[in-house]
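Given next are the chains, with one letter for each unit.
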Amino acid sequence: MRQVEAKTLSNLEVHPFLLKKWTYAFKTFFDINGNGSLEYKDFDTLAHIIRATRGPRSHEYISAKLAFPEIWYSLTQAAQIDEGGKLNLDDWISLLTKNRNGKWQKSYLDYMYNLFDASGDRLVDQAEYVQVMSYFSIDRDTANRAFDQFAVSSDGTLLMAIDWKQFNQLWQDFFSSTDIHARGNYLLGCVQ
C-alpha cells in the first residue's frame with residue numbers, strides 16, 4: 001500500500017530533458033512488457049529474454065535471477081509500495097526526483113554493468129553493448145551510434161571499450177545531467 005500520495009507529472013519540478021530521459025528509461029529498460037507499469041514480472045520477463053539468448057546456465061542469466069529480487073525489493077522500499085505493487089510513470093518520475101542514488105539504483109547499475117560485460121574482462125566493448133541493447137529491443141544501428149557517442153576519451157578519441165569507472169560516470173550523467181551534450185545521455189541508447 002502507498003504511504004504517500006503519488007504526484008502527477010505536471011506537479012513535479014523536473015527539468016524537461018531529465019523527464020525525457022527518465023521516461024525513455026522507464027519505457028525501454030523497466031516496463032519490459034509495455035503495459036505502462038513497472039512490476040516484478042517485467043524483471044522476470046527480462047530474465048527469460050536473457051535465458052533464451054545466453055542460456056539457462058549462463059552467468060548472465062544466473063546473475064539476473066539472483067539480482068532481480070533484491071533490486072525489486074529495494075525499489076519498492078524506495079517507492080514506498082508493497083512488493084506486489086506496481087509503479088506507473090508518475091511514480092517512477094517521483095521516485096527519481098526524490099531518490100536518484102538509492103540502493104535500488106546502485107544494485108541495478110551493478111547488475112547492468114555485469115550484464116554488459118559478457119566476457120567478464122571488466123570492460124564493456126561495442127559488441128557486448130550492442131548484444132545487450134538488443135534484449136531491450138534497441139536495434140543494432142542505434143546501439144552502434146550510441147556507443148560511438150559515449151565511448152570517447154577526454155581528448156575525443158573513440159574508445160574500443162569502457163571500464164567500470166567510465167560506465168558509472170555515464171550512468172550518473174544519464175540520470176542526473178541536464179546538459180544535452182553530456183556523453184552519458186547516450187548510454188542507454190540515443191535519446192536526443
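Structure shown above.
Residues numbered from 1 in each chain as written. Predicted model: local features only at pLDDT ≥ 70, side-chain atom pairs only at ≥ 80, totals over all residues. Heavy atoms only, no water.

Participant: I tried to follow the overall build of the chain on my own but got confused; where do I start?
Facilitator: Looking only at helices and strands, one finds 8 helices and 4 strands in the chain. N-terminal to C-terminal, the α/β element order of the chain is α-β-α-α-β-α-α-β-α-α-β-α. Radius of gyration (C-alpha) of the chain: 16 Å, near the 16 Å computed for a compact globule of 192 residues. Across its three principal directions, the C-alpha atoms of the chain cover 45 × 40 × 25 Å. Per-residue burial for the chain yields a buried fraction of 48% across its 192 residues. Restricting the contact set of the chain to residue pairs at least 6 apart, pairs at least 24 apart contribute 61%. Here the chain contributes 20 positively and 24 negatively charged side chains, and the mean placements of these two sets differ by 2 Å. (Helix = DSSP H or I, 4+ residues; strand = E, 2+ residues; numbered from the N terminus. Rg over C-alpha atoms; globule rule 2.2 N^0.38 Å. Buried < 20%, exposed > 50% of the residue type's maximum accessible area, 1.4 Å probe, protein only. Contact = heavy atoms within 4.5 Å. Lys, Arg positive; Asp, Glu negative; His and termini not counted. Charge placed at Lys NZ, Arg CZ, Asp CG, Glu CD.)

Participant: Explain the environment of Pro 16 here, please?
Facilitator: The topology assignment puts Pro 16 in helix H1 (residues 16–30). Classification of Pro 16 by relative accessible area gives exposed; the value is 62%. For Pro 16 and Thr 178, which are 162 residues apart along the polypeptide, the C-alpha to C-alpha distance reads 8.4 Å.

Participant: Would you mind showing me how to read the packing of aromatic side chains here?
Facilitator: Counting across every chain of the model gives 25 aromatic pairs. Both rings, one in Phe 29 and one in Phe 136, keep their centres 4.5 Å apart while their planes meet at 45°; by these two values the pair is tilted. Of this pair, Phe 29 sits in helix H1 while Phe 136 sits in the loop between helix H6 (126–135) and helix H7 (140–150); the two residues are 107 residues apart in sequence, bridging distant segments of the chain. An identical accessibility class is assigned to Phe 29 and Phe 136; each is buried. Note that Lys 21 overlies the ring of Phe 174, its terminal NZ or CZ placed 5.5 Å from the centroid. (Phe/Tyr/Trp six-rings, centres within 6.5 Å; stacked < 30°, edge-to-face > 60°. Lys NZ or Arg CZ within 6 Å of the ring centre and 35° of its normal.)

Participant: Would you explain H7 in this entry?
Facilitator: Every α-helix carries 3.6 residues per turn, so stepping three or four residues along brings you back to the same face. Listing the buried residues of H7 in full gives Thr 142, Ala 143, Ala 146, Phe 147 and Phe 150. Taken down its axis, H7 places every buried residue within 135° of arc, on the same side. Opposite the packed face of H7, turned more than 90 degrees from it, sit the exposed residues Arg 140 and Asp 141. For H7, the elements touching its buried residues are strand E3 (123–125), H6, strand E4 (161–163) and helix H8 (164–176). Two or three places before Asp 141, at the opening of H7, Asp 139 has a side-chain oxygen 3.1 Å from that residue's backbone nitrogen. (Arc of directions from axis to C-beta. Polar contact = N/O pair within 3.5 Å; in protein donor to acceptor, adjacent residues only side chain to side chain.)

Participant: Looking at this structure, how should I read the packing of H6 against H7?
Facilitator: The axes of two packed helices give the description: the angle between them and the distance between them. Between H6 and H7, the shortest axis-to-axis distance is 9 Å and the interhelical angle comes to 135°. The orientation of H6 with respect to H7, classified from their angle, is oblique. Once H6 is placed against H7, the crossing between them reads as right-handed. Along the contact surface, H6 presents Gln 126, Tyr 129, Val 130 and Met 133, while H7 presents Arg 140, Ala 143, Asn 144, Ala 146, Phe 147, Asp 148 and Phe 150. Its residues assigned to classes, the contact of H6 with H7 comprises 7 nonpolar, 2 polar and 2 charged. (Axes fitted to C-alpha atoms, helices over the stretch in contact; angles between N-to-C directions. Parallel < 35°, antiparallel > 145°, perpendicular 65-115°, else oblique. Left-handed = near helix turned anticlockwise from the far one by under 90°. Nonpolar A, V, L, I, M, F, W, Y, C, P; charged D, E, K, R; others polar.)

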